[in-house]
Structure formats: structure tokens, C-alpha cells
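Residue-level structural notes
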Amino acid sequence: MRLSVLSSGSSGNATYIESVEGGLLVDAGLPCRRIESLLAHIGRSLDDIGAVLVTHGHADHTSGVRSLVRERGVEVFAAPGAGERLGATRVPPEEAFEVCGLSATFFEVPHDSLTYGLRLSDGERDVAMATDLGEAGPEVLRRMRGADTVVLEANHDPVWLRGGPYSARLKRRISSRDGHLSNRQAAEAALALAPHGLKDLVLAHLSKTNNSPARACGTVHKALREAGHGTIRVRAAIAGHPTPWVEVGTPLEIPEYLYRYAVEGRQLFEIE
Ligand SMILES: [Zn+2]
Ligand SMILES: [Zn+2]
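Within each chain, residue numbers correspond to sequence positions counted from 1 in written order. Lettering of chains starts at A and numbering of ligands starts at 1, both following the order in which they are written. Local features are withheld for residues below a pLDDT of 70 in this predicted model, meaning they are given only at 70 or higher, and side-chain atom pairs are given and counted only at 80 or more; totals for whole chains, interfaces and linings count all residues. Note: side-chain values were computed over all heavy atoms of the structure, leaving out hydrogens and water.

Time to look at the coordination of the zinc ion (ligand 2). Each donor-metal-donor angle in an ideal tetrahedron of four donors is 109.5 degrees, and each such angle in an ideal octahedron of six donors is either 90 or 180 degrees. Nitrogen, oxygen and sulfur within 2.8 Å of a metal are treated as its donors, or within 3.2 Å for sodium, potassium and calcium (Na, K, Ca); water is not counted, so a site can appear incomplete. Around the zinc ion (ligand 2), the protein contributes the donor atoms H56 (NE2), H58 (ND1), H111 (NE2) and D132 (OD), which lie 2.2 to 2.4 Å from the metal centre. Site shape is set this way: if four donors have all angles between 85 and 135 degrees, tetrahedral; if opposite donors are over 155 degrees apart and all others between 65 and 115, square planar for four donors and octahedral for six; otherwise irregular. For the zinc ion (ligand 2), the 4 donor atoms are set out with angles of 93 to 165° between them, so the coordination reads as irregular. Read from N- to C-terminus, the donor residues coordinating the zinc ion (ligand 2) fall into the pattern H-x1-H-x52-H-x20-D. The metal-metal distance between the zinc ion (ligand 2) and the zinc ion (ligand 1) is 3.5 Å, with D132 serving as a donor to both. Taken together, the positions of H58 in the loop between β4 (49-54) and α2 (59-62) and D132 in the loop between β10 (126-130) and α4 (138-144) put the pair 74 residues apart, joining distant regions of the chain. In this text, helices come from DSSP runs of H or I with a minimum length of four residues, and strands from runs of E with a minimum of two, each type numbered from the N-terminal end.

So, on to the pairing of strand β3 (residues 22-28). Most of β3 sits out of view: 6 of its 7 residues are buried. Two strands pair under a simple rule: DSSP has to find at least two bridges between them. Note: strand β2 (residues 14-19) against β3, 6 bridges, orientation antiparallel. Counterpart to Y16 in the pairing with β3 is L25. The turn linking β2 back onto β3 is made up of 2 residues. Here β3 runs beside β4; their pairing, made up of 4 bridges, is parallel. Of the residues in β4, the one forming a bridge with L24 is A51. Only protein chains enter the accessibility calculation, which uses a 1.4 Å probe. A residue is then buried if its area is under 20% of the maximum for its type, exposed if over 50%, and partly exposed in between.

Let us look at the sheet that holds strand β8 (residues 102-109). In space, the 7 strands of this open sheet follow the order β7-β8-β9-β10-β11-β12-β13, with mixed pairing throughout. Every interior strand has two partners, whereas the edge strands, β7 (97-99) and β13 (233-236), have only one. Here the strands of the sheet are splayed against their neighbours by 25° on average, with no regard to which way each runs. The sheet contact formed by β10 and strand β11 (residues 149-153) spans 4 bridges and is parallel. Bridge pairing in β11 links M129 to V151. Strand contacts of helix α7 (residues 183-193): β11 and β12 (200-204), with the helix running at about 160° to β11, the strand carrying the most contacts. The contact criterion used throughout is that any non-hydrogen atoms of two residues lie within 4.5 Å. To obtain an axis, a line is fitted to C-alpha atoms, over the contacting stretch when the element is a helix, and the angle between two such axes runs from 0 to 180 degrees between their N-to-C directions. With respect to the sheet, helix α8 (residues 213-226) is in contact with β12 and β13, its orientation differing from that of β13 by roughly 160°.

On their own, these measurements won't tell you what the molecule is for.
Structure representation (C-alpha cells):
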């Protein structure tokens, strides 16, 4: 199993995951043509998508779903309250269903709309994802524990949010239990998951205003390193640039991970 977060953030979210049997998208919050061009960056096309799994109804996760269905006839899966308007096949949360050769399970997370995280397994390796959530409490962590790869929200730096340009009301909403996860909360969740086989952590849904990839990766990686988990590979998903492929379950070998993120030869940031 391998994955690439194609694009992430309030401008649109989509993650491509594939098994030996085929590929699927988790969320499709960008126009179909945009998804097509992002897939081309990782050597894939719309023909490779067999299904879309929708985490919740916000437009940054769903705006491209209808055109994918219309143009490609892909099947859409969602838990109750997340995809009825999209004509999704309804799957109950906490129950595994088979899709594109993988076993998938939705679990509820706190957000200001009925929202689900997702666990996917090929029978040997697991991926857990939660990209819109205000809190990663014990129930959420329990469902993500043991995954080899975790895609987790790191929306904002709390200090940047507090001092930033948003209205007091929006700041309250973002930092509430039904809002979005901060870098610090993501670091705490990473520390809880680290001893249970976590190898790759992709930080997602970063705010362009109140965060940066270097800030998010730096905060989380520092916490992991200080707790003796410095070999876990931490990277950030950003808007409009697919992450390099994450091969799920690749062993932790490199003694200390140095992360370089380059797009077409241009280095975007680096953490040590
Ligand atoms: Zn979102
Ligand atoms: Zn949302």
C-alpha cells in the first residue's frame, strides 16, 4: 500500500491511496481537472481511481466528487451525515467495508460538521487518517493506534493564530473542540502513537495564514525526537503539490531523519 496526499488545506483536499488491486481517493475537494493534473505529478490518472471515500460534507473535501461520479462513474462511500447529498453509498462507522482491495473503517472525530477519520488496511499494513478535527482524544487515538502511516491535521501554530489577522470569533471556532488541530495537539497525538509502530507521519490541512510546513514539521519532529522517536519520518502535505509517495510500512532505518522537500528542484524547506 502506498499513498500521496495530492493537496491539503482549506483550498481543497484529496489523498490518493493504492493497493495492488487499484487506487482510491480520500476526499475530492478540488475540481476534477485539478485532481487530474495533481495525479499526473505522481504518474497516475483519473482512470486509476476506483472509489472516493468522503470524510465529511465541507466543500474543501467534496467539491470535485460530483464531476468524478459524472465523468468517471467512480463509486462514493461515506458514513451517515457525510455524503448523502453526493449520492454516496452509506457505510456504518466502526464497521469495516472492502474497497479497491483494502479494508476501510470510518470513525467519528469532533469537528463542526459530522466528520469521520478513516483507517485502511491491506491485511498487513495500516494507514489512519484524520484531517479535520478539533481534538484528538483517547477514542480517536485508540482508532489510529498501530497504524504504520498516519495522516493527521496540524492546522495552526497556537501563537500565530492568536496574534494573526482572523476575527476573534473565527479564532475561537478554530481552536475549539469542534475546530482544527494545532501543531501542539498534533505533536501530543504523535507522541501517543509513536510507540505503536508509527513510521510515517504526514501533517495535513495546514493553514496558510497561521502555520508553515517548517513550523508544523519542526514542532512535531522536535517533540518526537526529545521522546526518543526521532527516526519517525515527519513530512507536511501542502496545497497544490503532491507529497512524494509514502510506501506504507517502510522500516525505520535512518538513524536521524533529515527531511528535504523539493518541488522541481526548488527546495521549499528543510528540518533537521
Ligand atoms: Zn477541511
Ligand atoms: Zn471541515
